[in-house]
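# Overview (structure and organization)
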Amino acid sequence: NWFFLLLSGAIVVLVYGFIVVRTKRLRLAKRKLEEKVRVRTAELNAKKDELEKLSIVASKMHDGVLICDKDGNIEWHNEAFHRLSGYTKEEFEKSSYGKSKTLIELSSRADMPFFLEQLKSSRAPIVYDSTHTSKSGALVWTRGSLAPIYNENGLQKIVAIYTEITDQKNIE
């Protein structure tokens, strides 16, 4: 009988020891995980702040901005881009400009396909002047800048920035 009592006590001590050791390991793992979560949250918050700043720049700047994929398919444009044409956002979306899905369709430049090919082989931005007709029928001059964005796989995106230069062209 005393053997079973001693055996039971030993089992209780072993189980208790196991629980204590396991609890310490779990607490240590929990602290490490909480630290990783804290660091990752700080990194994500910093990236979020950076993205908010970039979003403000792209969406609120005076110049028109287009973001295109590597083939020139339009993925996004800012409000200033459709204002250059004299349209509201809703009118722009319904206009021939708004229905353009690529830089080639949108541009009045016959050499736009050549520009897009140049961007794929050269890392240099391309600057050009072009015209379009505004909603009111006025001729509007813009200076376009096509900036290639590369990653390790090559050309990733094209950012097009358009500045109105009608007054400068009228003076020339």
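Residues numbered from 1 in each chain as written. Predicted model: local features only at pLDDT ≥ 70, side-chain atom pairs only at ≥ 80, totals over all residues. Heavy atoms only, no water.

## Remarks on the packing of aromatic side chains
Within this structure, the stated rule accounts for five aromatic pairs. Arranged with centres 5.8 Å apart and planes meeting at 70 degrees, the rings of F3 and F4 form a pair that is edge-to-face. Classification of F3 as partly exposed rests on a relative accessible area of 48%. With a centroid separation of 5.3 Å and an interplanar angle of 35 degrees, the aromatic rings of F115 and Y128 are classed as tilted. (Phe/Tyr/Trp six-rings, centres within 6.5 Å; stacked < 30°, edge-to-face > 60°. Buried < 20%, exposed > 50% of the residue type's maximum accessible area, 1.4 Å probe, protein only.)

## Thoughts on a nonpolar patch on the surface
The grouping of W2, F3, F4, L6, L7, I11, V15, F18 and I19 at the surface amounts to a nonpolar patch, some 1,000 Å² of accessible area in total. By the secondary structure assignment, V15 is in helix α1 (residues 2-60). For V15, a relative accessible area of 43% translates into the label partly exposed. (Patch = residues over 30% accessible without salt bridge, like charges linked within 9 Å, V, L, I, M, F, W, Y side chains within 5 Å. Areas by Shrake-Rupley, 256 points an atom, 1.4 Å probe, with all protein chains shown as cover. Salt bridge = Lys/Arg side-chain N within 4 Å of Asp/Glu carboxyl O. Helix = DSSP H or I, 4+ residues; strand = E, 2+ residues; numbered from the N terminus.)

## Remarks on helix α6 (residues 112-121)
Listing the buried residues of α6 in full gives M112, F115, L116 and L119. Down the axis of α6, the buried side of the element spans an arc of 100 degrees, and every buried residue falls inside it. Packing partners of the buried residues in α6 comprise α5 (103-106), β3 (126-133), β4 (139-151) and β5 (154-164). (Arc of directions from axis to C-beta. Contact = heavy atoms within 4.5 Å.)

## What to know about the layout of surface pockets
Rolling a probe over the atoms, with the probe sized like a water molecule, indicates the empty space that remains. Empty space within the largest pocket amounts to approximately 230 Å³. Residue assignment for the lining of the largest pocket shows that the elements contributing at least two residues are α2 (79-84) and β3. Top element by residues in the lining of the largest pocket is β3. It accounts for four residues. A breakdown of the residues in the lining of the largest pocket according to their chemical character gives seven nonpolar, seven polar and no charged. (1 Å grid on protein atoms, 1.4 Å probe; cavity = no way out; pocket = protein on both sides within 12 Å on 5 of 7 lines; lining within 4 Å. Points joined across faces, edges and corners; volume = space filled by probe spheres on them. Nonpolar A, V, L, I, M, F, W, Y, C, P; charged D, E, K, R; others polar.)

## Brief notes about the pattern of salt bridges
Applying the stated criterion across every chain yields a total of 13 salt bridges. Residue R83 pairs with E79 through a salt bridge whose shortest N-O separation is 3.2 Å. Note that R83 and E79 are positioned in helix α2 at a spacing of four residues, about one turn of the helix. The closest approach of N and O atoms between K120 and E117, which form a salt bridge, is 3.8 Å. Taken together, the residues K120 and E117, both in helix α6 and three residues apart, mark about one turn of the helix. By relative accessible area, K120 is classed as partly exposed at 37%. If you follow the salt bridges from partner to partner, you end up with D129, R143, K169 and E172 in one network.

## Focus on the environment of K60
Examined against the element boundaries, K60 turns out to sit in helix α1. A relative accessible area of 63% means that K60 is categorised as exposed. A sequence separation of 19 residues divides K60 from E79, and the C-alpha atoms of the two residues are 7.3 Å apart.

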